[in-house]
Amino acid sequence: MSTKSVETVVFLSLVLDLFAFTIPLPLFPRLIEWYMKRESSDPHGFLSQTLGAVSWLRGLLYNPPENSQKWDIVLLGGLMGSLFSTLQFVVSPYIGGLSDRYGRKRILLLTMVGNLLSAVVWIQSTTFASFMLSRAIGGASEGNVQLAIAILSDVTTPANRARALSHVGIAFAICFCIGPPIGAYFASRPAPPTFAGRELNLNIYATPAIITLILLTLECIFLIVALPETRGKRMKLENEKQADGKAHSAAVSPARKADIPTRLAILRSLRQLHLLFLGLFSGVEFTLTFLTFDLLDWDNKQNGSLIGFIGIVSALLQGGYVRRAIPKVGEGKMARRGVSACTMGLVLLAVLPNLVANHRGVAIGVLRAAAVCLAFTSATVVNSLTAFASLQCDDAGFDQDTGKPKTEHPQLAKGQALGGFRSSGQLGRAIGPILACALYWTVGPSVTYAIAGVAMSALVMRMGAISRTQSR
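Here, residues in each chain are numbered from 1, in the same order as that chain's written sequence. Where local features are concerned, this predicted model is filtered to residues with pLDDT of at least 70; where side-chain atom pairs are given and counted, the filter is 80 or more; whole-chain, interface and lining totals use all residues. As a convention, hydrogens and water are excluded, and side-chain values are obtained from all of the structure's heavy atoms.

Observations regarding unusual backbone geometry
As a reminder of what qualifies: What counts as a helix is a DSSP run of H or I of at least four residues, what counts as a strand is a run of E of at least two, and both are numbered from the N terminus.
Look at Asp-297: it is not a glycine, yet its phi comes out positive at around 55 degrees. Looking at the secondary structure, you find Asp-297 in the loop between helix H11 (260-296) and helix H12 (300-329).

Printed below as a string of structure tokens:
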């Protein structure tokens, strides 16, 4: 199978996977409210105990004059996001290491079992505890994105690595366009209360959950049928000639890499940047729908439209600008541009709350402008840093001269190294929503986004050295 064929398979599987992942994103605030109405009367229930702890923690920092329940929902939503990312922080290095040992496809299919189980539990989660179990299963088993990156790194050369990995970002952008709006649409269309004469006791958003399950099932079947094993194998390039049974070495030979200590040092720097960036960005990302819920009183459909708008802009940037520009400007510089755009977006979000009361139309325009900045950030930073990290890894396979397997440094094997890189980002995603939510109702949205903007500006300055480092 050719490189382009593998890229197509990976891209289509990611679209199915991320479509399923993005469907519930705009539903969290209303979903929490539904559980609160069902379970708040039980003082010893899991939700009541959790809300009690959340309310106590919020009370240490802020006591709103009215409607404190809305603020508790903000923090609880942050904790829900953090649970998933915390589990990803723990399991990502192990998933990557197992894929180095047993093969990408085998481990990918194993993680799919957990994803399917997570969707099944969500469909039937009529209690908050069972819904959190669904999130925990999903967080502990999600490996599709990191293994897709490892697969694409297996089959590409350093020269075309960033271009191939942009498929991951494009898949994210497309799914953020269609997933949240569809989730919001089907959230208003509940599943039938009975089936074949039997009463069904399902989650209020069982219809989006069933769609998620169908998408994940299709993805699993597609991967079984279409995805080859890529670990330790280099796919044939489209322009490769096989007349004498041997590949042209000029077409497939990798560029000369830096020495091992240098590459390990670059990887450490990239992990730190990944952690710091996603710690800030995920907090902004997660509180954005709560900002609209709190200040603008938007519903699921409106929040889904906002997330979809960010996805559309990000997809257009990925396909029309980022893929063409990265080979010219380099991964480090592209990532720095994305962080700079995020800083601009945070400034706009800091201004927005002051406009809502008297200039609501202007406030919504400012929100749209901030969304464009965040879309540029989504299209550039993580994908560029990931491509940079993958270029530091050893290439598995066989030496063309001796025919013997190439020796990999344990910390530079693709699965292990990229798993560790993803793990650092997931730690940022675990911490970011909690800190952002805590700041949100301690000092308010304006100060929260202003602080995040100052921190993001500091990160732009810190990225100066890495943006000047040759990635290949």
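Observations regarding the packing of helix H5 (residues 104-123) against helix H9 (residues 206-226)
To describe two helices that pack against each other, one gives the angle between their axes and the distance between the axes. Heads up, the condition is: Note on definitions: angles span 0 to 180 degrees between N-to-C directions of axes, and those axes are lines fitted to C-alpha atoms, for helices only across the stretch in contact. Comment on the angle field: the value is read as roughly parallel under 35 degrees, roughly antiparallel over 145, roughly perpendicular from 65 to 115, and oblique elsewhere. By the definition used in this description, the sense in which the near helix is turned from the far one sets the handedness, with an anticlockwise turn below a right angle giving left-handed and a clockwise turn giving right-handed. When checking whether two residues touch, look at their non-hydrogen atoms; a contact exists if any pair is within 4.5 Å. Here the term charged refers only to Asp, Glu, Lys and Arg, the term nonpolar to Ala, Val, Leu, Ile, Met, Phe, Trp, Tyr, Cys and Pro, and the term polar to all other amino acids, Gly among them.
It is the contact of H5 with H9, at a shortest axis distance of 9 Å, that shows an interaxial angle of 165 degrees. Relative to H9, H5 is oriented roughly antiparallel. Seen along the crossing, H5 lies across H9 with a hand that is left-handed. Residue-level contacts link Lys-105, Leu-108, Leu-109, Met-112, Asn-115, Leu-116, Ala-119, Val-120, Trp-122 and Ile-123 of H5 to Ala-206, Pro-208, Ala-209, Ile-210, Thr-212, Leu-213, Leu-216, Thr-217, Glu-219, Cys-220, Leu-223 and Ile-224 of H9. Tallied by class, residues from the contact of H5 with H9 come to 17 nonpolar, three polar and two charged.

Some remarks on a nonpolar patch on the surface
To keep it simple, the criterion reads: Put simply, a patch holds well-exposed residues, over 30% relative accessible area, that have no salt bridge, with like charges counted together within 9 Å and Val, Leu, Ile, Met, Phe, Trp or Tyr side chains within 5 Å. The protein chains shown are the only cover counted for residues, whose accessible areas, like all others here, come from Shrake-Rupley with a 1.4 Å probe. By definition, a salt bridge exists where a carboxyl oxygen of Asp or Glu is found within 4 Å of a side-chain nitrogen of Lys or Arg.
A cluster of nonpolar side chains, namely Trp-56, Leu-57 and Leu-60, defines an oily patch on the protein surface of about 350 Å² accessible area. Looking at the secondary structure, you find Trp-56 in helix H3 (residues 46-61).

A look at the environment of Phe-281
With respect to the element layout, Phe-281 can be found in helix H11. Taking the C-alpha atoms as reference, Phe-281 lies 9.6 Å from Leu-346; in sequence the two are 65 residues apart. Setting aside anything within four residues of it in sequence, one finds Phe-281 in contact with Cys-342, Leu-374, Thr-377, Ser-378 and Met-456.

Points about helix H2 (residues 28-39)
The following threshold applies: To estimate the expected span of a helix, subtract one from its residue number and multiply by 1.5 Å. In this scheme, a residue with accessible area under 20% of its type's maximum is buried, one over 50% is exposed, and one in between is partly exposed, where area comes from a 1.4 Å probe on protein chains only.
Over its twelve residues, H2 extends 16 Å from the first C-alpha to the last, a length consistent with the 16 Å expected when each residue adds 1.5 Å. Looking only at H2, the buried set comprises Phe-28, Pro-29, Leu-31, Ile-32, Trp-34, Tyr-35, Met-36 and Glu-39.

Examining the pattern of salt bridges
If you walk through the whole model with that rule in mind, you get four salt bridges. The salt bridge partner of Asp-100 is Arg-104, with a shortest N-O separation of 2.8 Å. As far as burial versus exposure is concerned, Asp-100 and Arg-104 are alike and both buried. For Glu-285, the salt bridge identified is with Arg-429, shortest N-O distance 2.9 Å.

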